[in-house]
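These are the residues of each chain, in order.
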Amino acid sequence: KTLDSSVRMLAATAADGNINGMTTAQAVLDQATKTDAGVASRPDNYMWITPVYETGTRHAKNHEFNKADEEFGGIAAGAAHIMGDTTVGVQVHYLHARLKDKGDSYYKANANTYGINLMARQDRLLPTYDTGANSTWVQGNVGYSRESIKQTRSDFIGANHGSSPDADIWTAGASVGRDIAVGQSRVTPEFGFDYTRFSLDTYKERNDNGYALKVNSDDFDSFRLKVGAEAEMPLGNNWSVRGAAFYRYELMDNNMHLDSTFAGAPGAVFTTVGEDLSRSSGDISVGLRYNVSNLTTLGVDYTMRLEDGYTGHQFGLNYKMQF
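Please read all numbers here as calculations on a predicted model, not as lab measurements.

Reading the values: rules and limits
- Residues numbered from 1 in each chain as written.
- Predicted model: local features only at pLDDT ≥ 70, side-chain atom pairs only at ≥ 80, totals over all residues.
- Heavy atoms only, no water.
- Helix = DSSP H or I, 4+ residues; strand = E, 2+ residues; numbered from the N terminus.
- Buried < 20%, exposed > 50% of the residue type's maximum accessible area, 1.4 Å probe, protein only.
- Contact = heavy atoms within 4.5 Å.
- Areas by Shrake-Rupley, 256 points an atom, 1.4 Å probe, with all protein chains shown as cover.
- Phe/Tyr/Trp six-rings, centres within 6.5 Å; stacked < 30°, edge-to-face > 60°.
- Pairing = 2+ DSSP bridges.
- Core = buried A, V, L, I, M, F, W, Y, C linked by side-chain atoms within 4.5 Å.
- Salt bridge = Lys/Arg side-chain N within 4 Å of Asp/Glu carboxyl O.

**A short note on the overall build of the chain**
Consideration 1: The number of helices and strands found in the chain is two helices and 17 strands.
Consideration 2: Burial statistics for the chain: of 323 residues in total, 51% are counted as buried.
Consideration 3: Considering only intrachain contacts with a sequence separation of at least 6, the fraction spanning at least 24 residues in the chain is 64%.
Consideration 4: Approximately 13,900 Å² of the chain is accessible, and the part contributed by carbon and sulfur atoms is 61%.

Structure representation (structure tokens):
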């Protein structure tokens with residue numbers, strides 16, 4: 001086979017990692033407009049800072065390598081402004097990702113991603129039914145990120161090849177939901193979608209021993225429907241607990257590929273097929289919030305991400321200030 005199995009996984013892992021990263025950023029942004037349980041005030045502005053970390057191991061489904069370790073870590077910061085029942089917000093984020101193949105071949109990659117998200121939300125869409133803490137809402141978001149990857153792989157004769165590809169990542173999403181008051185608690189069913197376009201630039205490996213590659217630019221698209229719910233309940237003494245569960249289904253690309261030529265001996269373009277991504281995925285989250293005051297909230301969250309061949313564990317902190 002022309003490529004090591006590890007490099008076949010590049011596009012799939014990079015795209016999937018950034019989908020996870022963008023989803024994390026959007027989830028933080030979604031929370032900006034929701035008043036934490038036990039805090040009655042609803043100021044006009046929010047600011048938040050959220051560091052996140054995720055680790056997991058991806059097991060191959062249709063290639064000979066065994067498994068690869070993945071890690072993602074970063075930080076997001078944003079602000080939102082409320083104008084009556086309309087909220088607008090912006091968030092910037094940084095994400096660092098690492099991948100290392102644990103099979104017979106050798107592959108490792110480090111990626112740095114910088115991005116921005118914009119969002120808008122409209123509450124109380126059904127005035128007749130949206131009374132008190134009950135609210136039917138719709139929200140949307142768009143985002144852009146730039147990713148720089150540094151990677152090294154070994155080929156079938158044992159030579160190492162380094163490269164530094166770059167990529168543009170475009171995201172968009174929308175969802176509709178309803179905040180339902182249950183005593184002092186809140187339950188929110190939600191339905192929506194997340195779209196991501198991962199555009200990989202053309203790049204060339206640095207070892208010209210005849211087996212180094214020139215990889216052509218390509219685009220990968222993901223469109224995931226999501227359905228689920230979250231809930232929050234006050235515990236007393238300024239503490240509250242929240243939980244969420246979401247199911248996602250991929251409607252577009254779940255099989256990635258790269259078109260390449262040999263850098264040292266240009267010829268016909270050949271295509272290598274990447275690891276299939278699972279169409280179905282889900283995540284389960286739990287978290288604690290502590291209201292330092294009516295204007296400041298601290299939180300900690302844990303999320304388990306589940307899909308065929310991958311289980312990820314994400315940990316996050318949250319600081320939110322209202323004014």
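**Let's talk about the side chain of Ser185**
Consideration 1: Tracing the backbone shows Ser185 in strand β8 (residues 185-200).
Consideration 2: When its relative accessible area of 18% is taken as the criterion, Ser185 is described as buried.
Consideration 3: Other than its neighbours up to four places away in sequence, Ser185 contacts Ile180, Glu232, Met233 and Pro234.

**Things to note about the packing of aromatic side chains**
Consideration 1: All chains considered together, the criterion is met by five aromatic pairs.
Consideration 2: Judged by centre distance (4.5 Å) and plane angle (50 degrees), the rings of Tyr144 and Trp170 are tilted. Taken together, the positions of Tyr144 in strand β5 (residues 135-154) and Trp170 in strand β7 (residues 166-182) put the pair 26 residues apart, joining distant regions of the chain.
Consideration 3: According to the relative accessible area criterion, Tyr144 is partly exposed, its value standing at 28%.
Consideration 4: Its relative accessible area of 45% is what places Trp170 among the partly exposed residues.
Consideration 5: Between Phe193 and Phe223 the ring centres are 5.0 Å apart and the planes differ by 10 degrees, which places this aromatic pair in the stacked class. One end of the pair, Phe193, is in strand β8; the other, Phe223, is in strand β11 (residues 218-236), and 30 residues separate them in sequence.
Consideration 6: Accessibility expressed as a relative area gives 27% for Phe193, which makes it partly exposed.
Consideration 7: We classify Phe223 as partly exposed; its relative accessible area is 23%.

**Observations concerning the pairing of strand β15 (residues 280-293)**
Consideration 1: Bridge count between strand β12 (residues 239-250) and β15: eleven bridges; the pairing is antiparallel. Among the inter-strand pairings, Val241 is bridged to a residue of β15, identified as Leu288.
Consideration 2: Looking at chain direction, β15 and strand β16 (residues 296-307) are connected through twelve bridges and run antiparallel. Bridge pairing in β16 places Ile284 opposite Met304.
Consideration 3: The antiparallel pairing of β15 with β16 creates a hairpin that spans two residues between the two strands.

**Notes on the nonpolar core**
Consideration 1: By size, the foremost hydrophobic cluster in this structure holds nine residues: Phe72, Leu95, Ala97, Leu99, Tyr107, Ala109, Ala111, Ile149 and Tyr310.
Consideration 2: Taken together, the elements giving at least two residues each to this core come down to β3 (86-101) and β4 (107-122).
Consideration 3: Ranked by size, the runner-up nonpolar core spans eight residues in total, among them Ala167, Phe198, Tyr203 and Val215.

**Some details on the pattern of salt bridges**
Consideration 1: For the structure on display, the rule yields 20 salt bridges.
Consideration 2: Taking the shortest distance from any N to any O, the salt bridge between Glu230 and Arg186 comes out at 3.9 Å. One end of the pair, Glu230, is in strand β11; the other, Arg186, is in strand β8, with 44 residues separating them in the sequence.
Consideration 3: On the accessibility criterion, Arg186 (12% relative accessible area) is buried.
Consideration 4: One network of salt bridges, in which partners are shared, links Glu190, Asp194, Lys226, Arg248, Asp283 and Arg305.

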